[in-house]
Structure formats: structure tokens, C-alpha cells
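Here's the letter readout for the chains.
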Amino acid sequence: MTDAPILEAKALCKSYGLVQVLHDVELSIAPGESRVVIGPNGAGKTTLFKCLSGEVPSDKGVISLEGREITGLRGWRRVQMGIGRTFQVARIFPEMTARENMTVAVEMRDRLARGTARRLFSLAPAAELRAEVDELMSELDLAAAADRPARILAHGDKKRLELAMSLALRPTLVMLDEPTAGMSPADRADAVAMIARLRDTHGLTLLLTEHDMEVVFGLATRLTVLHQGRIIADGAPADVRADPNVREVYLGHD
Ligand SMILES: Nc1ncnc2c1ncn2[C@@H]1O[C@H](COP(=O)(O)OP(=O)(O)OP(=O)(O)O)[C@@H](O)[C@H]1O
Ligand SMILES: [Mg+2]
């Protein structure tokens, strides 16, 4: 796989009831890219992520992952094939500790990889899985939070835990929906540095949405602008930033 896109969407459409949210969206993400999708509130960014990850079905269009069509596949099959995802509001098991959350994710990956129902969430995970949990937790600065229930973790710790859990599934592509939403400027800068480091050490391709322009221009190798469910610009960050149409509908208001 050299030139084939990791993820490709063609003529993707999605309506909720009578309201069409996505109109013929075309997207092609090359391996190693860090693509940021920007656009005003309600533009359809989260809906696009949901369609790509299989959380909701799309109405029309074709989605492919590394050349294989995944349009009709359920979300868990897409995870198994390499799509990782975090959410605008972190999704973790609130009553479990950070370490238990991580253990669930690592065991899930292990089980899916073996294709068997061997050991479903055992209380005593194998040593190699425990080591993997510890390594990911320290990589994401979660060691100090390991034994606290997830529900009492600080906002940034929750976001990092969710990211650690998605990495435990060994994705090739990670989709991050507003990874720095609700963070202070200092935490934002740390989050950007961490995402960039994880991208490099894990060889990830990234697809993210963001409203914070420092985060956008700090991470993007390519930008896509969504406006009212349509892509109105797509290209190098500097070119998109200079696009008068983009300034008019989005950047100009920021
Ligand atoms: N489940 C749903 N049912 C009906 N309408 C929905 C649903 N989810 C989203 N919408 C509508 O679809 C449009 C796009 O929403 P979406 O959440 O994809 O936007 P967004 O670009 O992610 O916005 P934000 O920047 O605020 O996160 C909005 O008009 C929203 O109200
Ligand atoms: Mg959204």
C-alpha cells in the first residue's frame, strides 16, 4: 500500500429525516496524512465522522478503507479493520478505573485479533496484556490516574484515556472529533504535542475536526472545509487559509 488512500469517501450523502446534512462529500486520505476537517457549528463534521466510522449508516455513496469497500459494514468491523475513533464528548466506562478501561480495550483487541471468545474481560489479564496497558498509560501520561474511577478524572485525563483506549485497538487511521474541546490553552498545546508524538511513534494517519485554529494549523498537513454539508475547499493549509470563500464563511468569523 503506497499510493492507495487509507480512507476514501465518494458522493457521500446523509439526511436526518427531511434535513440533508451531507451532500456528495468526497474525501481521500493518504497514508501518513493529518487531515483536519473544519467548518462552522452544524456544518456536518461529526455526522461525516459517524458515517465514516459506521456509527450511523450513510444514505448514498461509497466508503473504502485501504481499497476495500466498507460502506455497509458495522462500526465494530471497521474498528477491526483499523479505524480508531474518539468522540466530541469522551466515551469511557465511568465507574471503572482508568486501568480497567484500558484493560477492556486491550483485551477486546486481543480477542478480535484471535477471532475467538477466549477470555472475555477476565479479571486477571495475561502478563503481556498488562504490560501493554502500562506502556500505553505511561505514553499518554495516565500513570498517576491509573487507579482512579474514570468518572472523577480531570477533563484532559478523560480525553487522553479515550485516546489511549482507541490506540489499544492498534488502528491505522485515528479519527478525533474535537480532541481539545473544553481545554485550557496550555492543555491544548500539550494535547497537540502529544497527538503529534503519537502520530509519529505509532505511524498513524489522522483525521480530525477542530475549532481551535492553533490546533488546526499545528497538526494539519491538509485541510478540508465543510460548510452546510458540502466541501467548499480542500488542500494545503496555507492555500485553504488564503481562500477568500473560506474566509467569508468560516475563518473570517473566528
Ligand atoms: N441525530 C440527529 N438527528 C437530527 N439532526 C441531527 C442529528 N445529528 C445532527 N443533526 C443535525 O445535523 C447538522 C450537522 O450536525 P453535526 O453535529 O454533524 O455538525 P458539526 O459540524 O459536528 O457541528 P459542531 O461544530 O457544533 O460539532 C446540524 O444541523 C444538526 O442539528
Ligand atoms: Mg461536531
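As the structure is a prediction and not an experimental result, all values here were calculated from the model.

### With respect to the pattern of salt bridges
For step 1, the next point in the chain: This model, assessed by the stated rule, comprises 15 salt bridges.
For step 2, the next point in the chain: D157 is the salt-bridge partner of R160, the closest N and O atoms lying 2.6 Å from each other. Taken together, the positions of R160 and D157, both in helix α5 (residues 155–168) and 3 residues apart, correspond to about one turn of that helix.
For step 3, the next point in the chain: Since its relative accessible area comes to 16%, D157 is described here as buried.
For step 4, the next point in the chain: Put simply, E33, R35, R222 and D234 are held in one network by salt bridges that share partners.

### Structural notes on the side chain of R199
For step 1, the next point in the chain: Looking at the element boundaries, R199 is found in helix α6 (residues 185–202).
For step 2, the next point in the chain: Among the polar contacts made by the side chain of R199, one reaches the side chain of D200 at a distance of 3.4 Å.
For step 3, the next point in the chain: Ignoring any residue separated from it by four or fewer positions in sequence, one finds R199 in contact with S34, L204, L206 and L219.

### What about helix α4 (residues 127–139)?
For step 1, the next point in the chain: The terminal C-alpha atoms of α4, which comprises 13 residues, lie 18 Å apart, in line with the 18 Å expected from a rise of 1.5 Å per residue.
For step 2, the next point in the chain: L129, E132, V133, L136, M137 and E139 are the residues of α4 that are buried. Around the axis of α4, the buried residues are gathered within 160° of arc, so they sit on the same side. Exposed and oriented more than 90 degrees from the buried face of α4 are A127 and E135.
For step 3, the next point in the chain: Buried residues belonging to α4 abut α3 (98–114), α5 and α6.
For step 4, the next point in the chain: Note on α4: the residue one or two positions beyond its end, D141, has a positive phi of about 60°.

Rules of the game
- Throughout, residues of each chain are indexed from 1 in the direction in which the sequence is written.
- Both sets of labels track the order of writing: A upward for chains, 1 upward for ligands.
- Two thresholds apply to this predicted model, a pLDDT of at least 70 for residue-level local features and 80 or more for giving and counting side-chain atom pairs, whereas whole-chain, interface and lining totals are computed over all residues.
- The side-chain values count all of the structure's non-hydrogen atoms but skip hydrogen atoms and water molecules.
- For this analysis, a salt bridge means a side-chain nitrogen from Lys or Arg found within 4 Å of a carboxyl oxygen belonging to Asp or Glu.
- For the purposes of this entry, the term helix denotes a DSSP run of H or I that reaches at least four residues, the term strand denotes a run of E that reaches at least two, and both are numbered from the N terminus.
- Buried means the residue's accessible area, taken with a 1.4 Å probe over protein chains only, is under 20% of the maximum for its type, while exposed means over 50%, and partly exposed covers the values in between.
- The term polar contact refers here to a pair of N or O atoms within 3.5 Å; inside protein, the definition further demands a hydrogen-donor-capable atom paired with an acceptor-capable atom, and it admits residues adjacent in sequence only when both atoms are side-chain atoms.
- Contact definition: two residues touch when any of their heavy atoms are within 4.5 Å.
- An expected span of 1.5 Å times one less than the residue number is assigned to each helix.
- Comment: arc refers to directions from the helix axis out to C-beta atoms.

The analysis is restricted to geometry; functional conclusions fall outside its scope.
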